[in-house]
Amino acid sequence: MLDFTGHNWFQKLADEIDRVGSNSSDTHFLKTVDPWFCHVFTGQKTFEVRYDDRGYSVGDVLVLRHFISYEPMLFGQLGIIATARYVTGHPLLPKGNVIISIDVKSRFLLGEHTRSKEVLV
């Protein structure tokens, strides 16, 4: 697990995103709640179901942050950097939703819980 603690945690995260992504990929910062976050973090779940308001495509980098609460908006210390392997709709999903098959590239730890204004969401 990568350790992104300290005052320059954001630069460390940006460097890892650059390492994982390609020049043509988009990066999406996404909130993920339990139990789904834990299942992705441990490798039990290898996909995300999301509303496709961002135009997800194969090769995109997904930064999944462990989301705790809206009031106050609070993120946990753990995160995942993954790439999209496959993106598709499905007739049983609500209109506009897609299934994104993901390949976890790295897991990271931030030194403390972060509030929304400290991260990109």
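Whatever comes next refers back to the structure up there.
So, a few notes on the structure that sits alongside this text. (Residues numbered from 1 in each chain as written. Predicted model: local features only at pLDDT ≥ 70, side-chain atom pairs only at ≥ 80, totals over all residues. Heavy atoms only, no water.)

With respect to the helices and strands, the residue arginine 50 is situated in strand 3 (residues 47-51). A polar side-chain atom of arginine 50 sits 3.0 Å from the main-chain carbonyl oxygen of lysine 31. Here glutamate 48 takes part through its side chain, which lies 2.9 Å from a polar atom of the side chain of arginine 50. Residues in contact with arginine 50, not counting those within four places in the same chain, are Leu30, Lys31, Thr32, Tyr56, Leu64, Gly96, Asn97, Val98 and Ile100. (Helix = DSSP H or I, 4+ residues; strand = E, 2+ residues; numbered from the N terminus. Polar contact = N/O pair within 3.5 Å; in protein donor to acceptor, adjacent residues only side chain to side chain. Contact = heavy atoms within 4.5 Å.)

Another aspect to go through is the nonpolar core. As a rule of thumb, soluble globular proteins bury nonpolar side chains together. Core analysis: the biggest nonpolar cluster contains 13 residues, and Tyr56, Leu62, Leu64, Ile80, Ile100 and Ile102 have the highest contact counts within it. Listed by contribution, the elements that provide at least two residues to this core are helix 2 (36-42), strand 4 (61-70), strand 5 (73-88) and strand 6 (97-109). Setting aside its immediate chain neighbours within four residues, tyrosine 56 contacts His28, Leu30, Arg50, Tyr51, Leu62, Val87, Val98 and Ile100. (Core = buried A, V, L, I, M, F, W, Y, C linked by side-chain atoms within 4.5 Å. Buried < 20%, exposed > 50% of the residue type's maximum accessible area, 1.4 Å probe, protein only.)

This next bit is on the packing of aromatic side chains. All chains considered together, the criterion is met by four aromatic pairs. An angle of 70° between the planes, with centres 4.7 Å apart, marks the rings of phenylalanine 67 and tyrosine 70 as edge-to-face. By relative accessible area, which is 5% here, phenylalanine 67 ends up buried. The exposure class of tyrosine 70 is exposed, given its relative accessible area of 55%. Through successive ring pairs, a cluster of aromatic residues spans Phe67, Tyr70 and Phe75. Lying over the aromatic face of phenylalanine 41, arginine 107 brings its terminal NZ or CZ to 5.7 Å of the ring centre. (Phe/Tyr/Trp six-rings, centres within 6.5 Å; stacked < 30°, edge-to-face > 60°. Lys NZ or Arg CZ within 6 Å of the ring centre and 35° of its normal.)

Attention now moves to unusual backbone geometry. Proline 35 follows aspartate 34 through a cis peptide bond whose omega is 5°. Secondary-structure assignment places proline 35 in the loop between strand 2 (27-32) and helix 2. For the peptide bond that leads from glutamate 71 to proline 72, omega is -5°, which places it in the cis range. Checked against the element boundaries, proline 72 lands in the loop between strand 4 and strand 5.

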